[in-house]
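Chain by chain, the residues:
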Amino acid sequence: MVVKDELTKLGLHYTLVELGEADIIENITDELREKISASLLRSGLELMDDKKSILIQKIKNVIIELVHYSDEPLSVNLSVYLSRQLQHDYTYLANLFTEVQGTTIEKFFIAHKIEKVKELLVYNELNLTEIAFQMHYSSVAHISAQFKKVTGLTPTYFKKLKDKRRSMLDDIV
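Residues numbered from 1 in each chain as written. Predicted model: local features only at pLDDT ≥ 70, side-chain atom pairs only at ≥ 80, totals over all residues. Heavy atoms only, no water.

J.: What's the story with the overall build of the protein in this structure? I'm lost.
T.: Of regular secondary structure, the protein possesses 9 helices and 2 strands. The C-alpha radius of gyration computed for the protein amounts to 20 Å, which surpasses the reference 16 Å derived for 173 residues by more than 25%, pointing to a less compact arrangement than a globule. Projected onto its principal axes, the C-alpha coordinates of the protein cover approximately 55 × 50 × 30 Å. Here the protein holds 173 residues, and 27% of them are scored as buried. Within the protein, contacts between residues at least 6 apart in sequence are counted, and of these 46% link residues at least 24 apart. Here the protein has roughly 11,700 Å² of accessible surface; of this, 52% comes from carbon and sulfur atoms. Averaged over its 22 positive side-chain charges, the protein has a centre that lies 7 Å from the centre of its 25 negative ones. (Helix = DSSP H or I, 4+ residues; strand = E, 2+ residues; numbered from the N terminus. Rg over C-alpha atoms; globule rule 2.2 N^0.38 Å. Buried < 20%, exposed > 50% of the residue type's maximum accessible area, 1.4 Å probe, protein only. Contact = heavy atoms within 4.5 Å. Areas by Shrake-Rupley, 256 points an atom, 1.4 Å probe, with all protein chains shown as cover. Lys, Arg positive; Asp, Glu negative; His and termini not counted. Charge placed at Lys NZ, Arg CZ, Asp CG, Glu CD.)

J.: What is the right way to look at the nonpolar core in this model?
T.: Note that soluble globular proteins tend to have their nonpolar side chains buried in a common cluster. Membership of the largest hydrophobic core comes to 30 residues, with the highest contact counts inside it found for Ile63, Leu82, Ile105 and Val117. Mapped onto this core, the elements with two or more residues apiece are helix H3 (51–69), helix H4 (78–86), helix H5 (90–101), helix H6 (105–123), helix H7 (128–134) and helix H8 (140–151). Here the element with the most residues in this core is H6; it accounts for 8 residues. Ignoring sequence-local partners within four residues, the contact set of Val117 consists of Ile131, Met135, Tyr137, Ile143 and Phe147. Leu7, Leu12, Val17 and Ile36 belong to the second-largest nonpolar core, a separate cluster that totals 6 residues. (Core = buried A, V, L, I, M, F, W, Y, C linked by side-chain atoms within 4.5 Å.)

J.: Would you mind going over the packing of aromatic side chains with me for this structure?
T.: Aromatic rings in a pair are described by how distant their centres are and how their planes are angled relative to each other. Enumeration over the complete set of coordinates arrives at 2 aromatic pairs. Taking 5.5 Å as the distance between ring centres and 65 degrees as the angle between the ring planes, the aromatic pair formed by Phe97 and Phe108 counts as edge-to-face. Of this pair, Phe97 sits in helix H5 while Phe108 sits in helix H6, and the two are 11 residues apart along the sequence. Assigned by exposure class, Phe97 and Phe108 land together as buried. On the numbers, 5.5 Å between centres and 70 degrees between planes, the contact of Phe147 with Phe158 is edge-to-face. In this pair, Phe147 is assigned in helix H8 and Phe158 in helix H9 (residues 155–170), connecting sequence segments 11 residues apart. On the basis of relative accessible area, Phe147 is assigned to the buried category, the value being 0%. Against the face of Tyr137 rests Lys113, its NZ or CZ located 4.1 Å from the ring centre. (Phe/Tyr/Trp six-rings, centres within 6.5 Å; stacked < 30°, edge-to-face > 60°. Lys NZ or Arg CZ within 6 Å of the ring centre and 35° of its normal.)

J.: It is not clear to me how unusual backbone geometry should be interpreted in this structure. Could you clarify?
T.: Among all residues save glycine, negative phi is the norm, and among peptide bonds the norm is trans. Positive phi outside glycine occurs at Gln87, with the angle close to 55 degrees. Inspection of the secondary structure assignment puts Gln87 in the loop between H4 and H5. Gln87 gets classed as exposed once you look at its relative accessible area, which sits at 70%. Even without glycine at this site, His136 takes up a positive phi of about 65 degrees. Its location among the elements puts His136 in the loop between H7 and H8.

J.: Where do I start with the pattern of salt bridges in this structure?
T.: Side chains that differ in sign of charge can pair as their charged atoms come close. Taken as a whole and assessed by the stated rule, the structure comprises 4 salt bridges. With a shortest N-O distance of 2.8 Å, Lys118 and Glu115 are connected by a salt bridge. Pair noted here: Lys118 and Glu115 are both in helix H6, with a separation of 3 residues, about one helical turn. (Salt bridge = Lys/Arg side-chain N within 4 Å of Asp/Glu carboxyl O.)

J.: What's the story with the environment of Arg84 in this structure? I'm lost.
T.: One can find Arg84 in helix H4. Taking relative accessible area as the criterion, Arg84 reaches 58% and is therefore assigned exposed. In sequence terms Arg84 and Ile63 are 21 residues apart; their C-alpha atoms lie 13 Å from each other.

Any link to function would need more than the numbers given here.
Given below as structure tokens:
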């Protein structure tokens with residue numbers, strides 16, 4: 001919404017405004033680019049015009065969409081999926097991502113999956129078997145091992161910590 005508002009204030013027309021991306025109809029001069037950048041900065045946003053930064057943001061957006069907003073399991077490997085979505089060779093994407101982010105695409109993907117698992121554990125609506133199924137893990141053992149590797153805690157212990165903290169908050173008079 002903020003990006004749309006800022007573009008409208010500048011009298012610009014767009015065909016698409018999504019997370020990390022905007023397609024503007026007008027030709028962008030250097031002067032206009034500066035105005036857009038300054039306008040976005042006032043709103044706490046940054047204009048990315050470096051092609052590598054834009055591609056890295058697109059990789060992140062695809063993974064976030066996949067993990068947090070899609071219920072469909074991947075029918076192909078993540079590498080194939082990203083290559084198709086972004087129309088780049090996966091080796092290039094992986095090397096660029098690692099060079100700039102200091103971590104691999106796979107670790108970024110797993111970190112987001114574990115964040116989603118934590119969220120589901122905190123909601124306390126699903127048991128670990130149901131969470132494993134929803135998050136497309138092959139087994140409870142696999143999700144548990146990956147959770148412990150990333151967080152240092154077992155899912156059960158993580159849930160107990162949350163429950164203990166909740167009960168301590170409930171004791172506040």
